[in-house]
Amino acid sequence: LSYLKRCSQGRNKDRAGGTAAERGFGNAPRASPFSGRKEDMPRHEIIQPAGLAEAVGPFSRAVRVDNLLYIAGTTALSQVSGDYYQRALPPTIEEQTRQTLENIRKTVEAAGGTMDDIFKVVIMLKNPSDYKKMNTVRAEYFSRRPPISTCYRADLMRDDILVEIEAVAALG
């Protein structure tokens, strides 16, 4: 029998002292943290910070589930009300990054956290040539405990939007 077949049949103990099936691999049943009843599911709270415009479209600015805060893609437009396509936007990547991170700060603080609680960011950048400039500003906000980060080039919703950032925070 192949190694994988022996593991899935529970015949091959590994250095960790168990079979692959006993450690959650293979076809072993997995325990669920929920009973399946609606009242046992984690509750979520929608966070709409003061000073930020309502989200454009049918989504929330941020949602808290237990101690995790999920912040939707945020731009330098998030604090401005009015028609989305008529809102004024700062022209440089530095200004847009700073305003975007200030909008994220308002959101995490509205949920009772700080920027230090953010452990993950996803950055959508229009121009890869702006990466270094964006990072210089980002370092001002995450100097003590930098979050894990993914950055990719993206064609954003307006031609003049240069950066959009989403974030996840673990609140105390």
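Residues numbered from 1 in each chain as written. Predicted model: local features only at pLDDT ≥ 70, side-chain atom pairs only at ≥ 80, totals over all residues. Heavy atoms only, no water.

Trainee: Just checking my understanding: could you explain the nonpolar core for this structure?
Mentor: It is characteristic of soluble globular proteins that their nonpolar side chains tend to be buried jointly. Counting residues in each nonpolar core, the largest one holds 24 residues, and the members touching the most others are L69, I104, V108, M115 and I118. Of all the secondary-structure elements, those providing two or more residues to this core are β3 (68–74), α2 (93–110), β4 (118–125), α3 (131–141) and β6 (163–170). Excluding residues within four positions of it along the chain, M115 makes contact with L101, I104, R105, V108, Y141 and F142. The next biggest cluster of nonpolar side chains, apart from the first, holds eight residues, and it includes L77, Y84, L89 and I161. (Core = buried A, V, L, I, M, F, W, Y, C linked by side-chain atoms within 4.5 Å. Buried < 20%, exposed > 50% of the residue type's maximum accessible area, 1.4 Å probe, protein only. Helix = DSSP H or I, 4+ residues; strand = E, 2+ residues; numbered from the N terminus. Contact = heavy atoms within 4.5 Å.)

Trainee: Looking at this structure, how should I read α3?
Mentor: For an α-helix the count is 3.6 residues per turn, leaving residues at separations of three or four pointing the same way. Residues of α3 that are buried include every one of M134, V137, R138 and Y141, and no others. For α3, the buried positions fall inside an angular range of 105 degrees around the axis, keeping them on one side. (Arc of directions from axis to C-beta.)

Trainee: Looking at this structure, I do not really get the sheet that holds β3. What am I missing?
Mentor: As a general point, the strands of a sheet are linked pairwise by backbone hydrogen bonds and lie either parallel or antiparallel. Spatially, β1-β2-β3-β6-β4-β5 is the arrangement adopted by the six strands of the open sheet, whose pairing is mixed. Bordering the open sheet on either side are β1 (44–47) and β5 (148–153), each of which pairs with just one other strand. Averaged over all pairs of adjacent strands, the angle between their axes in this sheet comes to 15 degrees, without regard to strand direction. As defined by bridge partners, strand β2 (residues 62–65) adjoins β3 across four bridges and the pair is classed as antiparallel. The residue bridging V63 from the neighbouring strand is Y70, located in β3. Strand contacts of α2: β1, β2, β3, β4 and β6, with the helix running at about 30 degrees to β6, the strand carrying the most contacts. Its contacts with the sheet place α3 against β4, β5 and β6, and it is angled at close to 150 degrees to β4. (Pairing = 2+ DSSP bridges. Axes fitted to C-alpha atoms, helices over the stretch in contact; angles between N-to-C directions.)

Trainee: Which parts of the structure should I look at to understand the pattern of salt bridges?
Mentor: Think of it this way: side chains of opposite charge can pair up when their charged atoms draw near. In this structure the tally under the stated criterion is five salt bridges. Between D160 and R158 there is a salt bridge, and its shortest N-O distance comes to 2.7 Å. On the accessibility criterion, R158 (8% relative accessible area) is buried. (Salt bridge = Lys/Arg side-chain N within 4 Å of Asp/Glu carboxyl O.)

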